[in-house]
Amino acid sequence: MTRRSLRLRRRAFISASGAAVISLPLFEAFEPKLARAAAGIPRFIGFYVANGKHMPAWKPTTDGPEYALTPTLMPLTALKKKFLVLTGLENKGAEREVGGGHARGTGSFLTCTNIHTASEISSGSRPNGISADQVMADEIGKSSRIASLQLGLTNNGRDQGYGSEFIQNISFDKNGKFKPKTIVASSAFDTLFQGFDPTASAADVERRNKLKASVLDFAVEQAKALSPTISHSDNTKLDQYLTSVRELEQRLQSSGSGAAACAGATKPSNPMAVPDQVKAMMDVMVLGLQCNITRVITYMLGNGGDGAINGFPWLDISDHHHAIAHHQNQQVNFDKLMKVNLWEIQELAYLLGKLDAIDEGGSTLLDNTLVLYSSEISDGNRHNHDDLPVLLAGGRNLGVNSGQHLRFNKTPIASLFLSLIQLMGATSVTKFGDDGATPLPGVVT
Amino acid sequence: MKPAIAIFALPLALACTGAISGEMPGHDGAPAGSGIGSGSGGPGAASAGTSGAGGPDVGPQETVPGRTPMRRLTLTEYTYTIRDLLGEDVTTLVAGFPADGLSADGFDNNAASLEVQTNQLDVFVQAADTLATRALTQGSVARQHLAVCSEWADAACRRQVVQSFADKAWRRPTTSAEVDQLVALGASAATSGDDHVALAVRGILIAPQFLFRVEKLPPAGTAGSYRVSAHELAARLSYFLWSSTPDDKLAQSAAAGTLVTSADVSREVSRMLADEKAAGLADNFAAQWLALRNLSGHAVDAAFKDYTSALSASMSKETTSLFNYVVAQGLPATELLTASYGFVDDPLAKLYGVSVANGRADLGMTERRGVLGQAALLTLTSYPNRTSIVRRGIWVLNNLLCVEPPPPPPPDVDTTLPDPSKGTLRERMAAHRANPTCAGCHDLMDPIGLGLENFDAIGRYRETENSVAIDASGNYTDGRAFKRPSELSTLIAEDPRFVACVSEKLLAFGLGRGLTSGDHAAAGAVAQASGAQPALRDLIANTAQNPVFAEQMVEP
């Protein structure tokens with residue numbers, strides 16, 4: 001490891017934790033181990049933005065490696081070689097001749113499977129299919145302490161005919177049940193770093209872990225005793241509880257390494273302004289990946305439809321995002337949408353920049369991370385689910401053929417997810433969602 | 001200012017055609033799922049949970065109970081339960097927990113989605129540790145709640161502490177085997193008596209018996225439906241009326257066999273509604289029923305300088321205060337729509353232009369009557385920069401009448417409204433309301449919204465818009481004419497669908513699940529049993545006393 005990369009990484013780490021007080025000696029002591037452990041490990045971020053894009057300002061008109069960046073993509077200029085623009089991808093899972101276009105788009109955002117309405121679910125239909133991030137978590141999540149993390153900005157919004165789970169969440173387990181997200185950066189930080197106390201001796205840590213293991217054992221014992229006394233369908237819920245207990249037990253067994261390596265990172269404050277909240281959460285995301293505490297994260301920058309950001313005072317826009325997304329072909333709304341879309345990409349650029357500033361032995365964390373960026377719809381007026389605004393950033397070290405605009409025509413986005421699942425190392429997975437039968441051509445070198 | 005396009009201010013053409021045109025207005029209670037919104041055969045039916053089902057004239061029908069699934073405590077229920085078990089306020093802590101979902105009818109306590117995913121269990125485990133640690137401090141509130149005896153170094157006392165807490169937390173008497181297991185868990189700490197108790201408390205607070213509301217299988221051979229156990233009924237009652245765990249008296253009634261008859265339930269409901277914890281019903285049932293929680297995420301244009309987060313909180317409080325008052329005073333449910341007074345603080349009184357004495361303002365001389373004259377509803381149904389007659393209309397149909405609103409219009413329909421700096425919204429909406437394909441749906445929603453146009457986007461009273469006089473007159477869905485907001489409120493209060501709707505909402509919240517056809521009939525029976533001008537308190541009590549409230553279905 002060169003001195004230069006060490007300096008780079010430390011600087012990145014300091015900014016990653018905001019006003020953090022870094023315990024440098026301890027940090028340095030663990031650093032080489034961390035770098036060895038993390039280099040080349042594939043990681044994934046599923047990044048959702050609400051209410052589509054103003055597509056004329058988004059979609060490149062030229063193809064291939066020499067394509068010209070569009071106005072909305074300008075904040076990514078410095079990283080142009082490190083992402084793919086994918087146009088013409090379609091999520092058929094979101095399409096159905098019923099209302100609730102935002103719920104359908106968001107619920108199936110990472111599942112590519114038709115979601116079911118509240119009445120259908122109460123009649124016994126599964127709510128949804130499994131999301132791509134959860135396929136990854138099930139396949140490779142166990143190799144880190146936390147199999148997956150669901151994060152976002154807000155918890156509001158609901159679309160007609162559906163429960164709020166489909167507009168507020170994009171991660172769904174193998175039973176199609178939503179995995180709720182954390183929207184407070186300090187809480188997400190606690191999830192990553194709980195129990196790590198730099199002042200604790202090894203014996204203290206062992207004792208604490210032993211106590212927690214006893215508590216979890218007790219929970220298993222109680223669940224097993226409860227099982228025969230409750231109905232079959234209640235047992236499905238209890239099974240989910242037991243799965244959760246077991247996952248926490250696994251976290252306990254693998255606790256220490258990641259958290260210790262990132263010793264000194266301190267809890268972020270919980271800022272009030274939306275752009276600050278977004279950045280605080282991104283800092284936590286980067287920490288989680290950098291320290292290899294988790295490998296799979298989803299993030300929602302607002303929720304679809306009425307759950308989206310209500311007013312952008314930092315952009316001098318007071319309208320609800322949903323209201324301007326229904327642009328009615330009015331230039332005044334196009335102008336506002338372009339400002340909002342540009343800001344969204346600036347936030348993405350912040351995240352990618354941070355990932356790219358972290359050296360992992362010759363490549364960067366960004367090079368080892370697949371960052372999928374898209375929205376639940378394409379155009380806010382039409383609510384169409386074809387020609388989605390998709391970016392795939394990072395992953396060069398994993399084989400992504402980045403730095404191009406690839407144009408498709410109503411090609412299933414499920415194919416892209418299949419590619420990503422395989423790039424994450426789950427090579428035995430050969431289909432995904434309703435229509436992901438083959439990997440997406442051109443994505444992998 | 002340029003127009004923000006109304007999301008719902010659109011021609012609701014295709015899907016509505018036929019479903020409502022000339023049909024719906026004047027018809028009470030379309031059968032569930034057949035009303036507006038289900039014209040496309042799709043998600044409209046999804047809210048069968050509360051849609052439709054009829055006024056008080058619902059015919060005799062067998063009340064088949066639906067199955068009430070095991071469910072995790074909601075985050076609010078968890079917060080209140082910890083408050084009552086340990087005297088600890090975990091509101092701030094819980095704000096960082098992964099959030100609960102809302103069912104299609106807007107309630108967070110619907111069992112369908114109340115699971116324990118890993119990252120949720122994780123925060124419950126952390127919270128249990130935090131709470132148990134607090135109990136280690138001598139003199140702490142948590143310790144006082146636990147300490148049925150004080151010598152925790154003594155094994156017999158420890159067992160008593162653990163058993164007493166488990167009985168409360170698990171909402172039923174624990175078995176001696178369970179207490180043995182808890183004592184064994186405590187012993188694995190193998191240090192002080194305090195540590196024993198703390199570890200057992202951690203176990204109690206993450207056990208499925210605590211995190212889930214468990215209802216056990218009936219004796220083998222039971223068929224069809226059956227009545228849940230007394231302790232299970234106690235929990236159903238306490239989470240309905242308090243959003244919290246049963247108190248000692250309720251648990252004692254259950255244990256003593258005095259929570260069996262309708263009179264028993266009636267006695268407990270009266271006692272519970274008189275308890276200050278009944279504020280939980282306003283803060284959870286009413287706030288979700290009336291969508292008040294949307295206010296916390298609501299932003300308004302900077303031009304509305306009066307609007308602050310403090311004012312927004314005052315608005316919510318006004319609405320929940322009225323609900324509490326109507327319950328406490330035994331007033332008719334329709335008082336929620338007709339009250340000519342308001343519980344307002346100084347900033348809100350200023351917004352209303354009224355004087356306030358002892359937290360109460362006389363609104364008799366204003367157009368404000370009940371919730372439709374309250375700033376909370378008027379604000380949360382507006383856009384940041386203007387009112388929306390469509391959103392207000394939909395809010396009334398959906399929440400007060402249990403009529404499923406029409407679906408949004410098809411994409412790509414030009415719904416552009418004219419320049420908002422000229423004339424009134426009624427004038428700007430006139431063109432597309434004149435379009436027959438749009439009118440089918442808009443004739444249902446718009447008159448109600450137009451009737452509230454005297455209130456701006458933060459609920460201030462106004463008589464003009466852009467210097468043009470506002471015309472708030474119209475015809476209610478049954479054709480009766482009104483001239484102004486106060487008259488509209490009266491007409492809605494006289495609509496039998498209102499009381500039927502309150503009953504449906506109460507039952508959906510009380511049971512925490514989507515309603516079956518039998519449940520709809522039960523809600524109708526509740527409305528009927530409660531008399532011509534039923535007191536809100538009676539609707540609540542009759543919901544709790546209705547057989548379906550205590551029934552469970554054997555799983556096929």
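Above this text sits the structure in question.
Worth saying up front: this structure is predicted, and the values here are computed from it rather than measured.

A. Inspection of the overall build of chain A at higher detail. Of regular secondary structure, chain A possesses 14 helices and 11 strands. In chain A, buried positions account for 65% of the 445 residues. The long-range fraction of contacts in chain A, counting pairs at least 24 apart against all pairs at least 6 apart in sequence, stands at 72%. Roughly 15,200 Å² of accessible area belongs to chain A as shown, and the carbon and sulfur atoms make up 54% of that amount.

B. Here's a closer look at the state of the cysteines. Residues and elements named next belong to chain B. Considering all chains together, one arrives at 2 disulfides over all chains under this definition. Covalent S-S linkage joins cysteine 149 and cysteine 157, the inter-sulfur distance amounting to 2.1 Å. One disulfide, between cysteine 149 and cysteine 157, carries an S-S torsion of 105 degrees and so falls in the right-handed class. Like cysteine 149, the residue cysteine 157 is buried in the burial classification.

C. Broad picture of the interface of chain A and chain B. Counting from both sides, the interface comprises 74 residues of chain A and, opposite them, 81 residues of chain B. Summing the contributions of chain A and of chain B, the shared interface buries around 6,300 Å²; its carbon and sulfur component is 56%. The interface formed by chain A and chain B contains 4 salt bridges. Ionic pairing is found between aspartate 234 of chain A and arginine 67 of chain B, a salt bridge with its closest N-O pair at 2.8 Å.

D. Just the sheet that holds strand S3 (residues 149–152) of chain A, in detail. Residues and elements named next belong to chain A. Here we have 7 strands laid out as an open sheet, ordered S3-S4-S1-S9-S10-S2-S11, and mixed in their pairing. In this open sheet, the two edge strands, each paired with only one partner strand, are S3 and strand S11 (404–412). If you compare each strand with its neighbour and ignore which way they point, the axes differ by 20 degrees on average. In terms of strand pairing, strand S1 (residues 43–49) meets strand S4 (residues 296–301) through 6 bridges, oriented parallel. Bridging across to S4, valine 49 finds its partner in leucine 301.

E. Region of interest: the nonpolar core. Core analysis: the biggest nonpolar cluster contains 104 residues, and Trp289, Phe323, Trp395 and Leu400 of chain B have the highest contact counts within it. Of all the elements, helix H22 (residues 496–511) of chain B adds the most residues to this core, at 8 residues. Non-local contacts of tryptophan 289 of chain B, meaning those with residues more than four positions away in its chain, are made with Phe107, Phe323, Leu336, Asn399, Leu400, Phe498, Val502 and Lys505 of chain B. In terms of nonpolar packing, the next biggest core, distinct from the first, is built from 64 residues, Leu211 and Ala219 of chain A together with Tyr78 and Phe212 of chain B among them.

F. Up close: the pattern of salt bridges. All names here are of chain B. Within this structure, the stated rule accounts for 43 salt bridges over all chains. Close ionic contact of glutamate 88 with arginine 134 constitutes a salt bridge, the shortest N to O distance being 2.7 Å. Here arginine 134 lies in helix H4 (residues 118–134) and glutamate 88 lies in the loop between helix H2 (75–86) and helix H3 (91–95), a separation of 46 residues in the sequence. The salt bridge involving arginine 159 is made with aspartate 180; its shortest N-O contact spans 2.9 Å. Residue arginine 159 is found in helix H6 (residues 155–169), and its partner aspartate 180 is found in helix H7 (residues 176–187); the two are separated by 21 residues along the sequence. The exposure class of arginine 159 is partly exposed, given its relative accessible area of 29%. Each member of the salt-bridge network shares a partner with another, and the members are Asp247, Asp264, Arg267, Glu268 and Arg271.

G. Layout of the packing of helix H10 (residues 230–241) of chain B against helix H11 (residues 248–256) of chain B. Residues and elements named next belong to chain B. At their nearest, the axes of H10 and H11 sit 8 Å apart, and the two run at 150 degrees to each other. It follows that H10 is roughly antiparallel to H11 by the angle criterion. Our pair here, H10 against H11, has a crossing hand that is right-handed. Taking contact as the criterion, the partners of Ala230, His231, Ala234 and Ser238 in H10 are, on H11, Leu250, Ala251, Ala254 and Ala255. In terms of residue class, the contact of H10 with H11 is made up of 6 nonpolar, 2 polar and no charged.

H. Representation of the environment of leucine 388 of chain A in the model. Residues and elements named next belong to chain A. One can find leucine 388 in the loop between strand S9 (369–375) and strand S10 (390–393). Judged by relative accessible area, leucine 388 falls into the buried class, the value being 3%. Sequence separation of leucine 388 and proline 275 is 113 residues, and the distance between their C-alpha atoms is 24 Å.

I. View of the packing of aromatic side chains. Per the stated rule, a full pass over the model turns up 27 aromatic pairs over all chains. On the numbers, 6.2 Å between centres and 50 degrees between planes, the contact of tyrosine 78 of chain B with phenylalanine 97 of chain B is tilted. Taken together, the positions of tyrosine 78 of chain B in helix H2 and phenylalanine 97 of chain B in the loop between H3 and H4 put the pair 19 residues apart, joining distant regions of the chain. Looking at tyrosine 78 of chain B, the relative accessible area reads 1%, which means it is buried. For phenylalanine 97 of chain B, a relative accessible area of 6% corresponds to the buried category. Through a chain of ring-to-ring contacts, three or more aromatic side chains come together here, namely Phe107, Phe240, Phe285, Trp289, Phe323, Phe509 and Phe549 of chain B. If you follow lysine 80 of chain A out to its NZ or CZ, it ends over the ring of tyrosine 67 of chain A, 4.4 Å from the centre.

J. Region of the structure containing helix H11 (residues 274–290) of chain A. All names here are of chain A. For H11, with 17 residues, the first-to-last C-alpha span of 24 Å sits near the 24 Å given by 1.5 Å per residue. Buried residues dominate H11, accounting for 13 of its 17 residues. The positive-phi residue at the C-terminal boundary of H11 is asparagine 292, with phi of around 55 degrees.

Reading guide: rules and limits
- Residues numbered from 1 in each chain as written.
- Chains lettered and ligands numbered in written order.
- Predicted model: local features only at pLDDT ≥ 70, side-chain atom pairs only at ≥ 80, totals over all residues.
- Heavy atoms only, no water.
- Helix = DSSP H or I, 4+ residues; strand = E, 2+ residues; numbered from the N terminus.
- Buried < 20%, exposed > 50% of the residue type's maximum accessible area, 1.4 Å probe, protein only.
- Contact = heavy atoms within 4.5 Å.
- Areas by Shrake-Rupley, 256 points an atom, 1.4 Å probe, with all protein chains shown as cover.
- Disulfide = S-S within 2.5 Å.
- Buried area = accessible area lost by both parts, 1.4 Å probe.
- Salt bridge = Lys/Arg side-chain N within 4 Å of Asp/Glu carboxyl O.
- Pairing = 2+ DSSP bridges.
- Axes fitted to C-alpha atoms, helices over the stretch in contact; angles between N-to-C directions.
- Core = buried A, V, L, I, M, F, W, Y, C linked by side-chain atoms within 4.5 Å.
- Parallel < 35°, antiparallel > 145°, perpendicular 65-115°, else oblique.
- Left-handed = near helix turned anticlockwise from the far one by under 90°.
- Nonpolar A, V, L, I, M, F, W, Y, C, P; charged D, E, K, R; others polar.
- Phe/Tyr/Trp six-rings, centres within 6.5 Å; stacked < 30°, edge-to-face > 60°.
- Lys NZ or Arg CZ within 6 Å of the ring centre and 35° of its normal.
- Expected span 1.5 Å × (residues − 1).

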